[in-house]
Every structure is written in C-alpha cells, then in structure tokens.
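Below, each chain spelled out in residue letters.
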Amino acid sequence: MNAIVLRTRELEVACVPEHGMLLTEIVPTAIGVNLLWQRPNAPLHPFVDPAQASSTGDPFDAEVFAGGWFGMFPNAGIPGANDVDEQMHGTFPRFAWHVLQHDDTSLSCELEVDGLRAVRKVQLDGTNVRVSTTVVNQGAMDREVSFGEHPCFARSVFAGGEVALRAARAHTTPEVSEPGANRFLAGQDFSWPTAIERLGGSARTDVIPVAADGSHDHLCVTLADPEIILTAPDYAGSVRISSDLTKTAELLFWRHFRPPRSPWCGDVFGIEMMSTPGRTRDDARAADALSWLRAGGKLSWHLEIQWQDDLPRTYG
C-alpha cells in the first residue's frame, strides 16, 4: 500500500497512516539501508475496521504486526490476566489514522477512539527523526494508562554491534515466550550488560549476534541515562536513541533472532521505550507504575532516533 515519504538530504522516512501510523522505513542517505526491520510479506493494509482483540482471539500477529516503528497506548506491552478491556500494545497500531498535515519533512496524524484524541507528529531534521505524541482524554472518566514507542531494528544492520546504555537496574522476565529458545536464564536480576545463560555460564546481553542464533529473550532495563546507542560496525555508524526519563525510562529489550517457533521468522530486536517496567500490565500494576489520565487531561511523550556517521565510544 502507499506510504507517505518524508525526506531531508540526509534521511528518508516512510509512514503508513492507514495501518496504525506505522513507520516502515528509516533510511540514512549515507548507507542506503533501512534501519528498521520489516516483516517479510508484512500484512500492510488500511484498517477499514480496527484489528481489535476479542474473546475468540487477537489478530495482532496475523493482521497488525509488520515490524517498523509504532506507538503504544493506552496499554504498552501485554495485558494483565484480568485486563479484558485492554489490547496488546494498545489501540494505536490497530486503527487507521487521519492525516492532519504533511510536507517534505513532517507529518501529523490524528486518531479519535474511546473518548481519547491522539495526535502523533513525525519531524525530520538532518539525520534525526522525532516522533511526538499528545493524547487528550475527552471523556468524563479518568483512565489508567501505560504508553511508549516500539521501534523494531534489523539485526542484520547492527550485526556484531552493541546496545550501549546506562542502566539503573536490569532483569530478565520470569515468563518465557518460547521455552528452550531463551538464551538467558529467566527471572534473574543482573548487572547490565552481563547475565547468566540458561545453559550455564554468563554472556553479554548488549551484543547483537553476527548471525541469527535462534534465541528469543525479553530483558527489562530501567535507564539511568536517556540515551541509547546502537552501533553498526558493517556501516561504520551508529544510531542514537533519545527518550524522556520522566516519561519513558523503562526499556523492554526484545531479542528475537529467528527462534524456531516464530510465526513470522523474525530476525529483529526491539528497543521498546515504555512508561512502565516489565512486560505485562500486571508487572506495571505490581510496581504501581500505571499513570492516570484524568478526564479533560493531557499526556505527551516523544522519542528521537538519529543516524550518526561514526562509531562512538560506548559505555562498555
């Protein structure tokens, strides 16, 4: 389907508003390669009807998830055991968005659903792309929410590189999506970046493998610094990710390098910047980390991704 393409001399970004306002491409001119992972044969299509979960199942894997970069609201991550009214990663990626404004370097889109009005703006500046979001609760009831951003990066672009960050604390999730595919021992606290492996010994969690190794892990990190650096040795460059520690200080580092039971053969890692710790809404609730969006109130957050033509000194 048709995408809206934004450009500067240094960067090209593609976005599909009708499919959850999904960013499908971030291509630095210097390397001509998409930094984002795109699912092979991705189910990109206009959401004439929203792809909502129901008692019979959730169409997220089959109809929604295409890789790229999408926003999460009013739920970031997986709903809790009793959260029957919440969707995995919220409603943002499941609806068609309406274009408000579009020029060569910026795009603004709007979504109104369930008494909430959201505006997301994509703004390019040189090699930097900034996505900012504002949500207004137009309803009469307060809403308990979590939120964030979900960029999916291609392992092949960052092969042999590092995810460099400063961590306040880190742990692996106690639940495992694919038992036997997790490289790192589930349910452990660890000192970033080194964790205990499931089969014994220890290894660095921050290194992106040179080749897909069949592993599937979720690592939870509370950031001590708003910047994350992804190094790409094959392209002599790096990506700087910048968030707001007052809004999205929690990282869910999703490592999915072609595990055997993947429904879409993903060779991808996600830098999921979230307002809440852990992977599920129950984790957020246990940490008393959900936010209240009051009736008539407003909430905003942003994330920036910038390509850099160098390999900076990392925190390790």
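Residues numbered from 1 in each chain as written. Predicted model: local features only at pLDDT ≥ 70, side-chain atom pairs only at ≥ 80, totals over all residues. Heavy atoms only, no water.

Some details on the overall build of the protein chain
What counts, and what does not: A run of H or I in DSSP counts as a helix once it spans at least four residues, and a run of E counts as a strand once it spans at least two, with each numbered from the N terminus. Between buried and exposed lies partly exposed: a residue is buried under 20% and exposed over 50% of the maximum accessible area for its type, with that area taken using a 1.4 Å probe on protein chains only. Contacts were defined at the residue level, with two residues in contact if any of their heavy atoms lie within 4.5 Å. Using the Shrake-Rupley algorithm and a 1.4 Å probe, accessible areas are obtained, with residue cover drawn only from the displayed protein chains.
What the protein chain contains, in helices and strands, is two helices and 22 strands. By principal-axis analysis of the C-alpha atoms, the protein chain measures approximately 55 × 50 × 35 Å. Going through the 316 residues of the protein chain one by one, you find that 54% of them count as buried. Look at the contacts in the protein chain between residues 6 or more apart in sequence, and 65% of them connect residues 24 or more apart. Looking at the protein chain as shown, the accessible area adds up to about 13,100 Å², and 47% of this sits on carbon and sulfur atoms.

Description of the layout of surface pockets
To be explicit about the condition: Here a cavity is any set of points on a 1 Å grid over the protein atoms alone where a 1.4 Å probe fits but cannot get out, and a pocket is any open set with protein on both sides within 12 Å along at least 5 of 7 lines; a residue lines the site when it has an atom within 4 Å of a point. Grid points are joined across faces, edges and corners, and a volume is the space filled by probe spheres set on the points. Residues are grouped as follows: Ala, Val, Leu, Ile, Met, Phe, Trp, Tyr, Cys and Pro are nonpolar; Asp, Glu, Lys and Arg are charged; every other residue, Gly included, is polar.
Roughly 390 Å³ of volume is contained in the largest pocket. Together, 21 residues line the largest pocket, and Asp 61, Met 88, Trp 254, Trp 264 and Arg 279 are the ones closest to its centre. Broken down by secondary-structure element, the contributors of at least two residues to the lining of the largest pocket are α1 (60-64), β16 (216-223) and β19 (250-257). Broken down by element, the residue count for the lining of the largest pocket peaks at three residues, all from β19. Here the second largest pocket defines a volume of roughly 150 Å³. Looking at the second largest pocket, the residues that line it are Arg 169, Ala 170, His 171, Asp 189, Cys 220, Val 221, Thr 222, Glu 250, Pro 277, Gly 278, Asp 283 and Ala 287. Looking at the lining of the second largest pocket, the elements with two or more residues in it are β12 (167-172) and β16. Grouping the constituent residues of the lining of the second largest pocket by class yields five nonpolar, three polar and four charged.

So, the environment of Asn 182
Its place among the elements puts Asn 182 in the loop between β12 and β13 (189-190). The exposure class of Asn 182 is buried, given its relative accessible area of 7%. The spacing of Asn 182 and Arg 255 is 73 residues in sequence and 9.2 Å in space, taken between C-alpha atoms. Ignoring any residue separated from it by four or fewer positions in sequence, one finds Asn 182 in contact with Val 176, Arg 198, His 216 and Asp 217.

Looking at the side chain of Gln 87
Looking at where Gln 87 falls in the secondary structure, it is placed in the loop between β4 (69-72) and β5 (98-102). Discounting chain neighbours no more than four positions away, the residues touching Gln 87 are Ala 51, Gln 52, Ala 53, Asn 75, Gly 77, Pro 79 and Arg 94.

Remarks on the pairing of strand β7 (residues 116-125)
For clarity, the cut-off: Only strands joined by at least two bridges in the DSSP assignment are considered to pair.
Going residue by residue along β7, you find Leu 116, Ala 118, Arg 120, Val 122 and Leu 124 tucked away on one face and Arg 117, Val 119, Lys 121, Gln 123 and Asp 125 left uncovered on the opposite face. Bridge count for strand β6 (residues 106-113) against β7 is eight bridges, and the pairing is antiparallel. By the bridge assignment for β7, Leu 111 is matched with Ala 118. Counting the residues in the hairpin turn of β6 and β7 gives two residues, including Asp 114, whose phi is positive at 55°. Alignment of β7 against strand β8 (residues 128-137), held across 10 bridges, turns out to be antiparallel. Residue Leu 116 lies in a different strand from β8, and its bridge partner there is Asn 137. Where β7 folds back on β8, the antiparallel hairpin that results is connected by two residues, among which Gly 126 adopts a positive phi of roughly 65°.

Section: unusual backbone geometry
Cis geometry marks the peptide bond from Phe 73 to Pro 74; its omega dihedral reads 0°. Pro 193 follows Trp 192 through a cis peptide bond whose omega is 5°. Its place among the elements puts Pro 193 in the loop between β13 and β14 (194-196). With phi around 65°, His 89 is a residue other than glycine that occupies positive phi space. Secondary-structure assignment places His 89 in the loop between β4 and β5.

Structural notes on the side chain of His 216
What counts is decided by this rule: Pairs of N or O atoms within 3.5 Å make up the polar contacts considered here, provided that, within protein, one atom can donate a hydrogen while the other can accept it, and that residues adjacent in sequence are counted only when both atoms are side-chain atoms.
Within the secondary structure, His 216 is located in strand β16. Reaching out from His 216, the side chain makes a polar contact with the side chain of Trp 254 at a distance of 3.0 Å. With near-sequence residues (within four places) excluded, His 216 lies in contact with Ser 177, Glu 178, Ala 181, Asn 182, Trp 254, Arg 255, His 256 and Pro 259.

Bear in mind that shape data such as this cannot, by itself, settle questions of function.
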